[in-house]
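Residues per chain are reported as follows:
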Amino acid sequence: MSAIDELSRMPPPVPPPPSLALEAELGKLTAVAPRRPVRQLALLIGLSLIYGGGIASMLTLRRDLADLPMGWFAAAGLAWLVGFVAPVYLATVPAPGSIIPRWKLAGGAAVIGAIGFIALGLAIHPSAPTSGHVSFGTGYGCLKFGLATAIVPVVIGAVFLRGALPVGSRWVAASLGAGGGALGGLMLHVHCPITDTLHVGIIHGGVVGIAALVAAALVPRATDVR
Amino acid sequence: MADEKDLMQRYCDGDAGAFRALYALVAPRLLGYLLKMTRERALAEDLLQHTFLKVHRARKAYVRGADPLPWIFSIAHRTFIDEARKHKRAVVRVGEVEELPEVPAGLTGESAERRDEGRADPELVSAALDALAGLPDQQREAVVLTKLDGRSVAEAAAIAGTTTGAMKVRAHRGYETLRKVLGTSSEPAKKTTGGAP
């Protein structure tokens with residue numbers, strides 16, 4: 001294809017000088033502090049855990065706590081914590097030498113988190129005599145508090161990532177939402193004594209998916225480069 | 001000579017001269033990409049200015065030590081996509097090859113005398129641009145980034161916000177279409193430039 005080869009050999013064009021609007025912006029140029037992803041991640045995790053802990057302390061600890069197998073309780077708590085940290089890490093910290101976070105991996109983490117926590121909730125939910133057993137329809141409170149917990153990491157992440165996402169913003173947003181949802185799941189894990197299969201699977205696990213979808217719909221408005 | 005990283009860092013530190021040097025370094029490549037995507041000099045220059053305005057407004061998102069080029073190209077890609085969606089006319093067809101004496105001038109920004117010094121065949125270039133303009137946006141971008149700008153498939157995918165696999169498929173389909181189109185259309189152009197009556 002000699003025509004394409006000819007085109008590829010053409011010298012780069014001579015650009016026009018910066019526009020008046022750009023010159024006006026340069027006229028009032030000030031120093032800015034570039035993004036520090038690891039510091040931002042630490043701040044996001046720290047503030048979110050404090051906020052989630054605050055919500056959990058406002059509510060009561062689950063009444064069946066003493067009767068549950070502690071190994072399962074700790075492992076499930078750790079899984080929720082990893083479900084929070086891993087997606088927010090991928091959403092905020094780019095690969096070395098990059099500016100744009102790893103949105104493909106972040107998107108994958110959001111999908112795996114959303115499906116995984118529902119599946120795990122449906123599959124593993126040990127019950128104790130003091131556990132609650134109510135129908136699926138009473139899950140509104142859990143959904144409300146779970147999503148309320150997810151708000152803070154999503155908002156903080158959106159603020160930190162402003163301008164960093166010319167591409168992949170929906171996936172990164174979904175990842176922030178999934179992480180926030182998992183934090184909500186962690187909070188519910190220490191609060192809610194209901195061990196009904198559908199409640200744990202669909203409501204507690206569903207918080208992750210719902211938060212991911214809502215974040216994917218709303219956050220790019222804040223993070224897109226304008 | 002300072003590289004893009006160093007210039008971007010100094011620009012973030014408030015050095016307007018560093019921005020100008022960065023602009024001088026990056027704008028030709030960016031304009032080349034945008035020209036091949038839009039095929040309209042005025043629109044490409046407009047998108048170039050929009051891109052740099054966005055870079056300026058988003059410079060806080062820069063991470064020290066990072067290569068700013070993929071990020072800047074992604075912003076240009078996004079700006080082009082937004083413009084294409086807004087006007088539903090990313091491709092501007094301006095007629096037959098004979099009516100296009102300004103196309104190479106618009107692409108290179110060089111005078112007609114310098115262009116005639118035998119570096120690129122204007123008719124072949126016009127044929128290539130015509131063929132390129134006939135591709136869907138995504139395939140055109142894949143061809144421009146990988147074949148014309150010499151970027152790796154991974155880099156092109158990062159700029160366009162897609163997966164490496166999808167970028168490979170787009171580039172392959174784009175090449176195939178170009179091969180079919182240029183396989184027939186580039187021959188008459190060669191004859192014409194050869195001076196045969």
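Up top you'll find the structure we're talking about.
Because the structure is predicted, anything quoted here is derived from the model rather than measured.

Chemist: Please clarify how the pattern of salt bridges should be interpreted in this entry.
Modeler: Side-chain pairs of opposite charge can arise where the charged atoms are in close proximity. A complete count under the given rule lists 13 salt bridges over all chains for this structure. Among the salt bridges present, the one from Asp64(A) reaches Arg62(A), with a minimum N-O distance of 2.8 Å. Arg62(A) matches Asp64(A) in its accessibility class, with the two residues each being buried. A salt bridge links Arg29(B) to Glu4(B); the nearest nitrogen and oxygen atoms lie 2.9 Å apart. Taken together, the positions of Arg29(B) in helix 2 (residues 16-38) and Glu4(B) in helix 1 (residues 4-12) put the pair 25 residues apart, joining distant regions of the chain. Note on Arg29(B): relative accessible area 33%, which makes it partly exposed. Classification of Glu4(B) by relative accessible area gives buried; the value is 14%.

Chemist: Mind showing me how you'd approach the interface of chain A and chain B here?
Modeler: When the parts of a complex come together, some accessible area is lost, and that lost area is often used as the size of the interface. At the junction of the two partners, chain A supplies 45 residues and chain B supplies 68 residues. Taking both partners together, chain A and chain B bury about 4,700 Å²; carbon and sulfur atoms supply 71% of that area. At the surface where chain A touches chain B, the tally comes to two salt bridges. With a closest N to O distance of 3.6 Å, Arg57(B) and Glu25(A) form a salt bridge. Of all the elements in the fold, those that place two or more residues in the side of chain A that touches chain B are helix 1 (2-9), helix 2 (20-27) and helix 5 (103-123) of chain A. Of the residues that constitute the side of chain A that touches chain B, the class distribution is 30 nonpolar, seven polar and eight charged.

Chemist: Help me understand the nonpolar core in this model?
Modeler: Taken as a class, soluble globular proteins show a tendency for nonpolar side chains to be buried jointly. Counting 98 residues, the largest nonpolar core has Tyr11(B), Phe52(B) and Trp71(B) as its most contacted members. By residue number, the principal contributor to this core is helix 2 of chain B, which donates 12 residues. Apart from residues no more than four positions distant in its own chain, Phe52(B) is found in contact with Leu22(A), Phe19(B), Tyr23(B), Val26(B), Ala27(B) and Leu30(B). In this structure, Cys142(A), Cys192(A), Ile203(A) and Val207(A) belong to the second largest nonpolar core, which totals 10 residues.

Chemist: Whenever I open this one, the packing of helix 1 of chain A against helix 7 (residues 122-133) of chain B confuses me. Can you help?
Modeler: Packed helices, taken two at a time, are described by their axes: the angle between them and the distance between them. At a minimum axis separation of 8 Å, helix 1 of chain A and helix 7 of chain B run at an interaxial angle of 100 degrees. Considered as vectors, helix 1 of chain A and helix 7 of chain B are oriented roughly perpendicular to each other. Along the contact surface, helix 1 of chain A presents Ser2(A), Ala3(A), Ile4(A), Glu6(A) and Leu7(A), while helix 7 of chain B presents Leu124(B), Val125(B), Ala128(B), Leu129(B) and Leu132(B). Looking at side-chain class alone, the contact of helix 1 of chain A with helix 7 of chain B contains eight nonpolar, one polar and one charged residues.

Chemist: Looking at this structure, how should I read helix 9 (residues 153-160) of chain B?
Modeler: Along an α-helix, residues three or four apart share an orientation, since each turn contains 3.6 residues. Residue and element names in this part refer to chain B. Residues Ala156, Ala157, Ile159 and Ala160 constitute the buried set of helix 9. Relative to the axis of helix 9, the buried residues are bounded by an arc of 160 degrees and lie together on one face. Count one or two residues on from helix 9 and you reach glycine 161, which has phi positive near 70 degrees.

Criteria and thresholds
- Residues numbered from 1 in each chain as written.
- Chains lettered and ligands numbered in written order.
- Predicted model: local features only at pLDDT ≥ 70, side-chain atom pairs only at ≥ 80, totals over all residues.
- Heavy atoms only, no water.
- Salt bridge = Lys/Arg side-chain N within 4 Å of Asp/Glu carboxyl O.
- Buried < 20%, exposed > 50% of the residue type's maximum accessible area, 1.4 Å probe, protein only.
- Helix = DSSP H or I, 4+ residues; strand = E, 2+ residues; numbered from the N terminus.
- Contact = heavy atoms within 4.5 Å.
- Buried area = accessible area lost by both parts, 1.4 Å probe.
- Nonpolar A, V, L, I, M, F, W, Y, C, P; charged D, E, K, R; others polar.
- Core = buried A, V, L, I, M, F, W, Y, C linked by side-chain atoms within 4.5 Å.
- Axes fitted to C-alpha atoms, helices over the stretch in contact; angles between N-to-C directions.
- Parallel < 35°, antiparallel > 145°, perpendicular 65-115°, else oblique.
- Arc of directions from axis to C-beta.

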